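Understanding the architecture of this molecule
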Amino acid sequence: SALMNNVTDCDETYNYWEPLHHLLYGEGFQTWEYSPVYAIRSWAYICLHSMLTWAHLGFLNENKLLVFYFIRMIFGLVCTLCEIQFYKGVSLRFGNNVARILLALMVLGTGMFISSTAFLPSTFCMFGTFLFMGLWLQEKLNLAILTVAASAIIGWPFSVALGIPLAVDILIRRRKYWFFTKWCLVAIATMLLPSFLIDSFFYGKPVIASLNILTYNVFTEHGPDIYGTEPLSYYVINGFLNFNVAFLLALSTIVIVPICEVIIVLKHAGYRPPMLLISFSIAPMYIWILIFFTRPHKEERFLFPIYPLICLSSAVTIATLQKLYGFFKFHRYLSVQWIAALVLTIYGVISLSRSFALFNAYHGSMELYPKLHHIADKADTSETTVRVCMGKEWHRFPSSFLLPNNFTLELIRSEFKGQLPAKFEAPGLEGTRAEPRHFNDENLEEKSRYVDVETCHFLIDFNHGEESTHEPIYSQQQDNWKILKEVDFLISKKSTSSLHRAFFVPFYFYERNDFGKYQLLQSRTNLLK
Ligand SMILES: *[C@@H]1O[C@H](CO)[C@@H](O)[C@H](O)[C@H]1NC(C)=O
């Protein structure tokens, strides 16, 4: 995933990679969310990640492209370590059968492939879910509380909803009031206080970013809905694409598992189903579904924090079906392996087909940047700042980390009429504290963002065969632009059958879908020395 997954979401680029780039190299893009006026993103979260680069900056070389992939590999590693704790807890309480099914679901899932190496608070919360569920199942309650707090304070405040069943377990079932209060206070002292200090330092005024994001989402009149609303089916389709049959099994856990257990109990008086354990373990997922499926503004990443629970619920459902079948066949509740083998095979084939489709369709946009490094190695760019421009493709820019030193992204005009991100106006703290001009919170266009296309040294564009006034096909202007590199990239608009587009079938995939060219162009008029 670290090497093959694309940067799926422009929020990841402009809200996280770019501020990190600003922090490390004194330059980068920001969104209005980083303006001290709104201050709804946390610098503490960015600082935490800047620590990951110390090892790299200190001991290895300074190629930013390597730093980028290095950080993504650390994400993959951290994800694995959290999954191990989760696996341990599940195997301890649910037994090896459930744990092994869970492992297969996690390893093969497309959802894990896309989420595990993303630089997003939702991914951070997903790590948190793995860890806190694992710790909870292992009865390490204090660490579980701290993990939920870390997800909510450093990552994303809404993730605290996942901790409700844990709190219910500790407060109502176990009645450990003082214990709970104590560890919440520890969390406040060790996490909320430092992030308050860090955020206030960077914004230059007292800021609790997690509080701001809550108030923005809950109390602003239009809230986040100006960024598009989707019907309920969005999450169902998305969940199916990412976890296919496992997603359907997870959604139906609440029906299938009680029915199966009741049948077994009725037939076998001595059997005590682990209902308490199961209820506590799947409750966080259903709470999340209740909250997020009903919000008008929907994003794929909003479900990342429950990916671990989707895998767990579906493993529990598969294991319960095995148990029921085994009970009827042999009059004992044993696990019948072929059921798991069958479901997991289907799951694995569909998942890999989906992950392959994503890679083959979209990796092109990440492939152009090494070419710029080859050019930077040859040319003398120490005196000029080299301009790499993007127009309509601005939202597919992965990160300034992929650009060589002295290269910078500039935006040119396109048909897009919303608000674009802008650069921090000054390096370092001066940039993060300044109230940037030309920002609004209503997603309106700001013309001051654009540079003139003649001033660009390079251009990154997607040739999908159509053009318009502000989006000409630059590669056809042969007097102005030379194609340095081009890679196939799926044209979603033209590949109308979403099924052919969504899943990879060898050969068929290329036949049935339309591909355009993702291009790196070099200016013929504005030459590098
Ligand atoms: C990354 O992949 C997604 C599909 O998961 C696609 O919608 C998006 O445009 C791609 N982004 C880039 C930067 O290639």
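Every chain begins its residue count from 1, and numbering advances along the sequence as written. Given that the model is predicted, a residue must reach a pLDDT of at least 70 before its local features are reported, and side-chain atom pairs must reach 80 or more before they are shown or counted; all residues, however, enter totals for whole chains, interfaces and linings. No hydrogens and no water enter the side-chain calculation; it runs on all heavy atoms of the structure.

A word on the domain arrangement of the chain
Residue ranges assigned to each domain were obtained from an automatic or database domain assignment. When its domains are assigned, the chain resolves into domain 1 (10-362) and domain 2 (369-412 + 452-523). The straight-line distance from the C-alpha centre of domain 1 to that of domain 2 is 33 Å. Listed as interface residues are 27 residues of domain 1 and, on the opposing side, 28 residues of domain 2. When two parts are put together, the accessible area they lose, computed with a 1.4 Å probe and summed over both, is reported as buried area. Both faces combined, the contact of domain 1 with domain 2 buries some 2300 Å², and carbon together with sulfur accounts for 64% of it. When residues of domain 1 are sorted by the area they lose upon contact with domain 2, Lys-64, Leu-65 and Tyr-362 head the list and together hold 23% of the total. Any pair of nitrogen or oxygen atoms within 3.5 Å is treated as a polar contact; in protein, a donor-acceptor pairing is required on top of that, and neighbouring residues in sequence qualify only through side-chain atoms on both sides. The interface formed by domain 1 and domain 2 includes 12 residue pairs in polar contact (both at pLDDT 80 or more). Counting from the N terminus, the helices are the DSSP runs of H or I reaching at least four residues and the strands are the DSSP runs of E reaching at least two. Secondary structure elements with two or more residues in the side of domain 1 that touches domain 2: α1 (10-25), α4 (64-94), α12 (233-251) and α16 (337-362). Element by element, the count of residues in the side of domain 1 that touches domain 2 is highest for α1, at nine residues. Pairs of residues are marked as contacts when any of their non-hydrogen atoms sit within 4.5 Å.

Points about the packing of helix α7 (residues 121-137) against helix α14 (residues 275-293)
Axis angles are defined between N-to-C directions and span 0 to 180 degrees, where every axis is a line fitted to C-alpha atoms and, for a helix, only to the segment in contact. It is the contact of α7 with α14, at a shortest axis distance of 11 Å, that shows an interaxial angle of 165°. Relative to α14, α7 is oriented roughly antiparallel. Note that α7 runs across α14; the crossing there is right-handed. In contact with Met-133, Trp-136 and Leu-137 of α7, α14 contributes Leu-277, Phe-280, Ser-281 and Pro-284. The classification used treats Ala, Val, Leu, Ile, Met, Phe, Trp, Tyr, Cys and Pro as nonpolar, Asp, Glu, Lys and Arg as charged, and all other residues, Gly among them, as polar. Its residues placed into classes, the contact of α7 with α14 shows six nonpolar, one polar and no charged. Roughly parallel means an angle under 35 degrees; roughly antiparallel means over 145; roughly perpendicular covers 65 to 115; every other angle is labelled oblique. The crossing is said to be left-handed when, going from far helix to near helix, the turn is anticlockwise and less than a right angle, and right-handed when the turn is clockwise.

Considerations on the site of the ligand
What makes a residue near a molecule or strand is one non-hydrogen atom of that residue sitting within 4 Å of it. Asn-6, Val-7, Thr-8, Leu-358, Tyr-362, Ser-365, Arg-396 and Phe-489 make up every residue found near the ligand. Take Asn-6: an N or O atom from its side chain is 2.4 Å from an oxygen atom of the ligand. Between the ligand and Tyr-362 there is a distance of 3.5 Å, counted from an oxygen atom to a backbone nitrogen or oxygen. Here the open area of atoms and residues is found with the Shrake-Rupley method and a 1.4 Å probe, where only the protein chains shown may cover a residue. Bound to the protein, the ligand loses 82% of the 360 Å² it would expose on its own.

Looking at the state of the cysteines
Our working definition of a disulfide is a cysteine sulfur pair at a distance within 2.5 Å. Scanning all chains against the criterion turns up one disulfide. Residue Cys-10 stays outside any disulfide, its sulfur separated by 18 Å from that of Cys-389, the closest cysteine. Take Cys-311: it sits in no disulfide, and the sulfur closest to it among the cysteines is that of Cys-79, at 10 Å. Relative accessibility decides the category of a residue: with a 1.4 Å probe and only protein chains considered, values under 20% of the type maximum give buried, values over 50% give exposed, and everything between is partly exposed. According to the relative accessible area criterion, Cys-311 is buried, its value standing at 1%.

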